[in-house]
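Coordinate analysis (summary)
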Amino acid sequence: MTETVLLVGGGGREHAIARAVDDADDAELYACASNRNPGIDALAAGVERIEETDAEAIVDYAASVGATLAVIGPEAALAAGVADALDDAGVYAFGPRAEAARIETDKTFQREFMAEHAIPGCPAFETFDDPAAAADHLRNADEDLVIKPRGLTGGKGVRVVGDQLTRAEGVDYILDGDYEEFVLEERLVGEEFTIQAFVADGSYRVTPAVQDHKRAYEGDEGPNTGGMGSYSDATFELPFMTEADYAAAVEIIDAVVEALADYKGVLYGQFMLTAEGPKVVEFNARFGDPEAMNTLPALETDFVELLAAARDGEGMPALEFADRATVCKYAVPDGYPTDPTAGARVGIDPESAGEALLFYASVDAREDGVYTTTSRSFAVVGHGETITGAEAVAEDALEQAGETGLRVRHDIGTAELLQRRIDHMDDLRDD
Ligand code: AMP
Ligand code: GLY
């Protein structure tokens with residue numbers, strides 16, 4: 001039967017989801033988001049401008065198009081109960097209900113859940129419901145700590161003492177900020193990587209590891225962003241990790257899926273590979289952005305059949321992936337993320353991206369072309385036998401685009417940066 005899929009969200013991640021639905025054998029796509037994404041527009045039978053958190057309007061739209069499945073992109077929609085509302089209206093949402101999404105949306109819950117269920121890889125932590133007590137704990141701690149506001153902060157709320165700021169600045173951040181509740185935890189040192197798992201009915205399927213780049217500038221300098229780009233290898237591991245490291249991370253996912261009972265959707269594990277193996281930086285309840293742009297185009301299993309099998313309780317099929325490395329690079333407006341300037345014309349479209357795939361994120365599609373806004377604009381994804389080969393394909397596409405008014409981290413996926421990651425892990429393991 002033809003599945004009618006409603007996609008919630010309009011960023012680069014959702015453009016990748018839209019393409020995976022479009023690539024499926026028998027599916028029709030509808031989409032709703034607060035912005036218009038020209039990439040999704042081009043693939044969908046219908047699009048509607050609806051806030052991602054407006055559960056009622058989303059349910060109405062799902063009913064009006066006869067949706068048989070829904071995929072929820074952003075965490076804000078999960079927190080607002082969009083999956084609950086769709087499920088309750090009889091539309092299976094691939095995304096957890098708000099209660100289960102607390103694994104992402106409530107960092108206090110996340111750490112307490114790990115402790116309670118003895119999930120491996122949990123850093124030492126303390127939780128606080130008042131800033132003065134949190135500030136006192138930070139002042140008196142023996143070691144550098146990481147400050148995490150309890151709720152969602154768009155990836156911009158966490159501060160790593162000893163890396164991004166001094167302890168005194170950390171105390172000020174806690175006392176002078178807008179947040180009331182905090183987790184303070186052990187600072188993990190190592191290399192970060194992501195594994196996104198598809199979860200339904202107590203079982204899960206894992207995908208290749210991806211490494212995102214959070215810092216705004218080349219060489220991992222500057223403020224944290226939503227993610228400037230990411231790469232994956234032709235195998236499930238990354239060059240700085242072993243098969244045993246990957247397997248240890250999957251064991252953590254396994255324990256979480258078991259403890260979460262009736263979770264459905266993507267469980268995104270953000271890990272720090274330390275000298276002692278993988279530890280958990282955080283869990284997210286959705287695909288990563290940019291990581292979805294690495295993972296979904298490499299997925300050879302029919303994405304919609306996978307979702308339908310999850311919905312129908314048939315057991316998800318084993319996943320097949322192309323044996324290809326991928327490199328994703330975001331183009332962001334000048335000044336992003338602190339002082340972004342919008343209004344630059346985007347000189348690339350899916351046809352002129354050459355061998356690379358183009359994914360639109362936050363852009364303004366006008367009569368005379370596509371323009372940047374103040375968030376990440378678009379991403380190009382190159383594929384190749386090696387990471388550096390995929391990197392060259394992504395760079396070729398960016399050259400076509402021109403970069404007036406845009407900034408890219410050209411170092412992502414280069415041999416030099418990969419070697420730095422490998423050397424970093426070797427150093428940590430030698431100590
Ligand atoms: P989050 O918003 O939880 O994704 O955190 C943002 C970034 O903060 C992560 O990608 C890490 O780089 C860093 N981070 C979070 N928790 C820790 C930790 N316990 N140790 C070191 N870095 C961390
Ligand atoms: N790549 C980071 C995130 O999706 O949260």
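Quick note: structure is the one above.
Note that the coordinates shown come from a computational prediction; the quantities given were computed from them, not determined experimentally.

Structural notes on the site of ligand 1
Around ligand 1 sit 14 residues, and of these Glu185, Glu186, Leu188, Glu192 and Glu282 come closest. In this structure, a nitrogen atom belonging to ligand 1 sits 2.8 Å away from a main-chain N or O atom of Leu188. Glu192 is positioned such that a nitrogen or oxygen atom in its side chain is 2.5 Å from an oxygen atom of ligand 1. For ligand 1, whose unbound accessible area comes to 480 Å², protein coverage reaches 93%. Here the shell around ligand 1 is built from residues that sort into six nonpolar, no polar and eight charged.

Here we look at the environment of Asp323
Here Asp323 is to be found in the loop between α12 (303-311) and β18 (325-333). A residue is classified by how much of its surface remains accessible, and Asp323, at 63% relative accessible area, is exposed. For the pair formed by Asp323 and Ala79, sequence separation is 244 residues and the distance between their alpha carbons is 35 Å.

Some details on the packing of aromatic side chains
Counted according to the given criterion, the structure contains ten aromatic pairs. Ring centres of Tyr173 and Tyr179 lie 6.4 Å apart, and the angle between their planes is 55°; on these two criteria the pair is classed as tilted. Residue classification places Tyr173 among the buried positions, given a relative accessible area of 17%. Here Tyr179 falls in the partly exposed class, since its relative accessible area comes to 28%. With a centroid separation of 5.7 Å and 85° between ring planes, the pair formed by Phe236 and Phe321 is classed as edge-to-face. With Phe236 in the loop between β15 (229-232) and α10 (243-260) and Phe321 in the loop between α12 and β18, this residue pair connects regions lying 85 residues apart in the sequence. Phe236 gets classed as partly exposed once you look at its relative accessible area, which sits at 28%. Grouping aromatic residues by their ring pairs yields a cluster made of Phe94, Phe198, Phe287 and Phe303. Looking at Arg19, its charged tip hangs above the ring of Phe359, at a distance of 4.6 Å from the centre. Here Arg366 stacks its cationic end above the ring of Tyr371, 3.9 Å away from the centre of that ring.

Concerning unusual backbone geometry
Each neighbour pair has its own omega, and for Asp289 with Pro290 the value is 25°, a cis peptide bond. Secondary-structure assignment places Pro290 in the loop between β17 (277-284) and α11 (291-298). Cis geometry is adopted by the peptide bond preceding Pro337, which originates at Tyr336 and carries an omega value of 0°. Looking at the element boundaries, Pro337 is found in the loop between β18 and β19 (357-360). The phi dihedral of Ala118 is positive, around 50°, even though this residue is not glycine. Within the fold, Ala118 resides in the loop between α7 (107-116) and β6 (125-128). You can call Ala118 exposed: its relative accessible area is 64%.

A few points about the site of ligand 2
In the neighbourhood of ligand 2, the contacting residues comprise Asp212, Lys214, Gly226, Tyr268, Asn284, Arg286, Gly288, Asp289, Pro290 and Glu291. At 3.4 Å from an oxygen atom of ligand 2 is found a side-chain nitrogen or oxygen belonging to Asn284. Glu291 is positioned such that a nitrogen or oxygen atom in its side chain is 2.7 Å from a nitrogen atom of ligand 2. For ligand 2, whose free accessible area comes to 200 Å², the fraction covered by protein is 90%. A per-class count over the shell around ligand 2 returns two nonpolar, three polar and five charged.

A closer look at the packing of helix α8 (residues 131-140) against helix α9 (residues 167-176)
Closest axis-to-axis distance for the α8/α9 pair is 9 Å, and the angle between their directions is 175°. One element, α8, and the other, α9, form an angle in the roughly antiparallel class. On α9, the residues touching Pro131, Ala132, Ala134, Ala135, Leu138, Arg139 and Asn140 of α8 are Arg167, Gly170, Val171, Ile174 and Leu175.

Here's the deal with the pairing of strand β7 (residues 145-149)
Taken across its five residues, β7 has five buried, putting it largely inside the fold. Residues of β7 alternate between two faces, with Leu145, Ile147 and Pro149 on one and Val146 and Lys148 on the opposite face, all of them buried. Direction of pairing for β7 relative to strand β9 (residues 182-186): antiparallel, over a ladder of five bridges. Each residue of the ladder has a partner; that of Val146, found in β9, is Glu185. In the sheet, β7 pairs with strand β8 (residues 159-160) via two bridges, with the strands oriented antiparallel. Within β8, the residue paired with Ile147 across the bridge is Arg159.

What counts and what doesn't
Positions within a chain are numbered from 1, following the residues in the order the chain's sequence is written. Whichever chain is written first is A, and whichever ligand is written first is 1; the rest continue in order. Totals for whole chains, interfaces and linings use every residue, but because this is a predicted model, local features are given only for residues with pLDDT of at least 70 and side-chain atom pairs only at 80 or more, for both listing and counting. To get the side-chain values, take all heavy atoms of the structure and skip hydrogens and water. We define proximity as follows: a residue is near a molecule or strand when any one of its heavy atoms falls within 4 Å of that partner. Polar contact is defined as a pair of N or O atoms within 3.5 Å, subject to the rule that within protein one atom must be able to donate a hydrogen and the other to accept it, and that residues adjacent in sequence are counted only when both atoms are side-chain atoms. A 1.4 Å probe and the Shrake-Rupley method give the accessible areas. Residues count as covered only by the protein chains that appear here. Residue type decides the class: Asp, Glu, Lys and Arg count as charged, Ala, Val, Leu, Ile, Met, Phe, Trp, Tyr, Cys and Pro as nonpolar, and the leftover types, Gly among them, as polar. Elements are defined by DSSP. Helices are runs of H or I of four residues or more, strands are runs of E of two residues or more, and each kind is numbered from the N terminus. Whether a residue is buried, partly exposed or exposed follows from its accessible area with a 1.4 Å probe, protein chains only, as a fraction of its type maximum: under 20%, in between, or over 50%, in that order. Between 30 and 60 degrees the pair is tilted, below 30 it is stacked and above 60 it is edge-to-face, where a pair is any two Phe, Tyr or Trp rings, Trp via its six-membered ring, whose centres lie within 6.5 Å. Both a distance and an angle decide whether a charge sits over a ring: NZ of Lys or CZ of Arg must be within 6 Å of the ring centre and within 35 degrees of the ring normal. Axis definition: a line fitted to C-alpha atoms, over the contacting stretch in the case of helices. Angles run 0 to 180 degrees between N-to-C directions. Here is the rule for angles: anything less than 35 degrees is roughly parallel, anything more than 145 is roughly antiparallel, 65 through 115 is roughly perpendicular, and the remaining ranges are oblique. Contact between two residues is taken to exist if any of their heavy atoms lie within 4.5 Å; hydrogens are not considered. When DSSP finds two or more bridges between two strands, those strands count as paired.

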